Amino acid sequence: MKFLKTLALTTALAATMLAAPAMAAEKIALVVKSLGNGFFDAAAKGAENAAKEIGGIEVIYTGPTSATAEGQIEIVNSLIAQNVNAIAISSNDPDALVPVLKKAMDRGIKVISWDSGVAAEGRQLHLNPSDTNLIGETIIKLAADYLPEGGDVAILSASSTATNQNAWIEAAKKILPEKFPKINLVSVVYGDDDSVKSTNEAKGLISSYPNLKAIIAPTTVGVVAAAQVVTDGNLIGKVNVTGLALPSEFKQFIDNGSSQAVALWNPIDLGYSAVYLSHQLIGGTEAKPGAKFSIGKVGEITLDDTNSAAMAAPFTFDKSNIEEFSKIY
Amino acid sequence: MTDTAHEARHIPDRLDSPLRGAVFSWPTLLLIVGVVLFIVNSLASPYFLSPWSLSDATFNFTEKAIIALAMALLIISGEIDLSVASIIALASTAMGVALQFGVGVPGLVTIGILTGLLCGFFNGFLVTGLGLPSIVVTIGTMSFFRGISYIVLGDQAFKGYPAGFDYFGQGYVWWVVSFEFALFLIFALLYYVLLHHTNFGRQVFTIGNNPVAARFSGVRVERVKFILFCLTGLMSGIAAVLLTSRLASTRPSIAVGWELEVVTMVVLGGVSILGGSGTIQGVVIAAFIMGLVTFGLGLLNVPGIVMSIFIGALLICVIALPIIWSRTRRRAAR
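Quick caveat, the model's predicted, so the values are computed rather than measured.

## Here's the deal with the overall build of chain B
Alright, step 1. Regarding its fold elements, chain B presents 15 helices and four strands.
Alright, step 2. A compact globule built from 334 residues should have a C-alpha radius of gyration of about 20 Å, and chain B, at 20 Å, falls within 12% of that.
Alright, step 3. If you line up chain B on its principal axes, its C-alpha atoms span 70 × 55 × 35 Å.
Alright, step 4. The buried share of chain B, taken over its 334 residues, is 54%.
Alright, step 5. The contacts in chain B between residues at least 6 apart in sequence include a share of 77% that link residues at least 24 apart.

If you want it as structure tokens, here you go:
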């Protein structure tokens, strides 16, 4: 009978699953947007590292097959049933998960969100990968580090209405006179996160400003377009391209020298910090505005009025580590 | 729903080789699978056999199962509706829009259910009024209905549903029995009576077996099919109310991919995808089986990818079994 086979399969599956996890004191579930995504696999790696450092923690790395809120709700339901101690989630929907996460909290489970947040009433704290001021400072620093004598730089942004990018650029402009007096921001142009438009805007910058030393693109589309323009125009060594970039997309431009360094959030540190935060909540630390939490080797965070905090400045990728990270995300 | 004797007695439910004897009737076999899965799950995870765990688990399939009841009738009649998940999206969006105008709880529920009914009406009109094939029509309306939601909402969400609205998707009628689940049981009973104990139900089977013969024997084929499309739309509207309440928000991506899960439930329940045979008992048990499998594997933290493989394998086994069975019988008869 076919059913016997089905049965045997279920039992075998069940047996292996039962045998695998040793009884650990604390169970922390790392719920991600979807499985099979390099970014989240890297976060899980970081979570495992943190669990090893702290000791006595079992990390349950899970997520739906496709990135849907409904799939995550099913998973949270099964985690509630398992009596996990904490759920750390990168959510597919800030609102739809609130009811089920509230239910989890009602049953005594600590809930935090990281990377992609949940509305305040659905979690105890939220960990942002970074914050506006840190990003603003980092994108200028990435250019300034390779311009000891200073010089002209320009920003190639996404669309002129992009909330994130505009906030970062504002922060960058604010920090310029204080920390980077020798850097001269000559122009901000908008490539609309479109490869063709970004390419044209980058070409325009280079012809309008002959003394341009660096193009800063705080968008993963723009940064690739600008680096391609520099590469094709034989400007490697004259114009340095930098900004926020995915290591896997950008590796070739670090390799060919059109860019010295770029930055982005580090998923490994995110997973690592999520476990540290969950562990402290389980230990009884209360999440309230102004509370301080240690996040191990990454540092320390302080919760703001909405119980959220920024992890750290974007993580820098250069010749020394781009190879390693390009394989991850 | 565990009573299985009715099937063989009443109508010729099966086109090929009717399985005589209650022991080998479809719902009985499914029930055995269900019970076995239940036992295996209880042994595999210490957390499975808790009333609250099981109650939580019912939320994962109740809305889909409610649609599956109506879908079963539609498939038995030889048609299909692939737009059900998109109807949920549109109905939920309609409720969200109404919310912006300050409509209260009863109004929201009415609007959600009516939108579903209208969508079913539209599908039914295209299929029976214009004589178009239902699979093509509903693939079209699948994009059409959800498309409207995307136009209305873009990447935004409607939230802030009033207090009291959360009862439909999150409330409990008695102890661990949720409102959703109780509603599903009531509908299951209603659909059981409708399909197996009324003239209408007999007409559905007749149409599925042979629409031409049905027409010559005085069955108003188009009208019956039209009603079935409206019913499916209506149930999708009800599911939209439940799901929206459970999520406390509306996004255009709500319930993406559910149409296939609903059809899977129906087919797993022993309804012939070619029409003409099937039972409500089977569909109800199939809903439980799918819920048990996904929840049981979820408790063991089996990745979703493995879970889909498992459901797929179960479906193939379940479809292959009656065919293999009838072949061996035929061979034995020779």
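Don't stop here, the text continues.
## Points about the confidence of the model for chain B
Residues and elements named next belong to chain B.
Alright, step 1. Across chain B, the average pLDDT comes to 88, with 93% of residues at 70 or higher.
Alright, step 2. In the predicted structure, residues 1–5 sits below a pLDDT of 50 and forms 10 contacts with residues beyond four places in sequence or in another chain.
Alright, step 3. Among the prediction metrics, the complex's ipTM stands at 0.80, with pTM recorded as 0.78.

## Overview of the confidence of the model for chain A
Residue and element names in this part refer to chain A.
Alright, step 1. With 93% of its residues at a pLDDT of 70 or more, chain A shows a mean pLDDT of 86.
Alright, step 2. The weakest mean pLDDT in chain A belongs to helix α1 (residues 2–19) at 50; the strongest belongs to strand β3 (residues 86–89) at 95.
Alright, step 3. In this model, residues 15–22 is a region of pLDDT below 50 whose contacts with residues beyond four sequence positions or in other chains number five contacts.

## A short note on the environment of A:N256
Residues and elements named next belong to chain A.
Alright, step 1. Relative to the assigned elements, N256 resides in helix α9 (residues 247–256).
Alright, step 2. On the basis of neighbour counts, which here come to 12 C-beta atoms within 10 Å, the residue N256 falls in the exposed class.
Alright, step 3. N256 has contacts with T231 and I236, leaving out every residue within four places of it along the chain.

## Regarding the interface of chain A and chain B
Alright, step 1. Taken together, the contact between chain A and chain B spans 33 residues of the former and 40 residues of the latter.
Alright, step 2. Sorting the residues of the side of chain A that touches chain B by element identifies α1, β2 (57–62), α3 (69–81) and α4 (98–106) of chain A as the ones contributing at least two each.
Alright, step 3. When residues of the side of chain A that touches chain B are assigned to their parent elements, the largest contribution, 10 residues, is made by α1(A).
Alright, step 4. Here the side of chain A that touches chain B is built from residues that sort into 16 nonpolar, 12 polar and five charged.

## Considering the packing of helix α5 (residues 84–100) of chain B against helix α6 (residues 105–129) of chain B
Any two packed helices are characterised by the angle at which their axes cross and by the distance between the axes.
All names here are of chain B.
Alright, step 1. Axis separation between α5 and α6 bottoms out at 8 Å; the angle between their running directions is 145°. The crossing of α5 and α6 is right-handed. On α6, the residues touching I87, L90, A91, S92, A94, M95, A98 and L99 of α5 are G107, L108, I111, G112, T115, G116 and C119.
Alright, step 2. In terms of residue class, the contact of α5 with α6 is made up of 10 nonpolar, five polar and no charged.

## With respect to the sheet that holds strand β5 (residues 125–128) of chain A
The pairing of strands in a sheet comes from backbone hydrogen bonds and takes either a parallel or an antiparallel form.
Residues and elements named next belong to chain A.
Alright, step 1. Reading across the sheet, the six strands line up as β2-β1-β3-β4-β5-β13 and stay open at both edges, with parallel pairing between neighbours. If you trace the sheet from one side to the other, it starts and ends with β2 and β13 (308–310), each paired once. In this sheet, neighbouring strand axes are inclined to one another by 20° on average, regardless of whether the strands run parallel or antiparallel.
Alright, step 2. Here β5 runs beside β13; their pairing, made up of three bridges, is parallel. Across the sheet, residue L127 finds its bridge partner in β13, namely A309.
Alright, step 3. Strands in contact with helix α10 (residues 267–282) are β1 (26–31), β2, β3, β4 (110–114) and β5; relative to β4, the strand with the most contacts, it is inclined by about 155°.

Calculation criteria
- Residues numbered from 1 in each chain as written.
- Chains lettered and ligands numbered in written order.
- Predicted model: local features only at pLDDT ≥ 70, side-chain atom pairs only at ≥ 80, totals over all residues.
- Helix = DSSP H or I, 4+ residues; strand = E, 2+ residues; numbered from the N terminus.
- Rg over C-alpha atoms; globule rule 2.2 N^0.38 Å.
- Buried ≥ 20, exposed ≤ 12 C-beta atoms within 10 Å, placed from the backbone.
- Contact = placed C-beta atoms within 7 Å.
- pLDDT = per-residue confidence, 0-100.
- Nonpolar A, V, L, I, M, F, W, Y, C, P; charged D, E, K, R; others polar.
- Axes fitted to C-alpha atoms, helices over the stretch in contact; angles between N-to-C directions.
- Left-handed = near helix turned anticlockwise from the far one by under 90°.
- Pairing = 2+ DSSP bridges.

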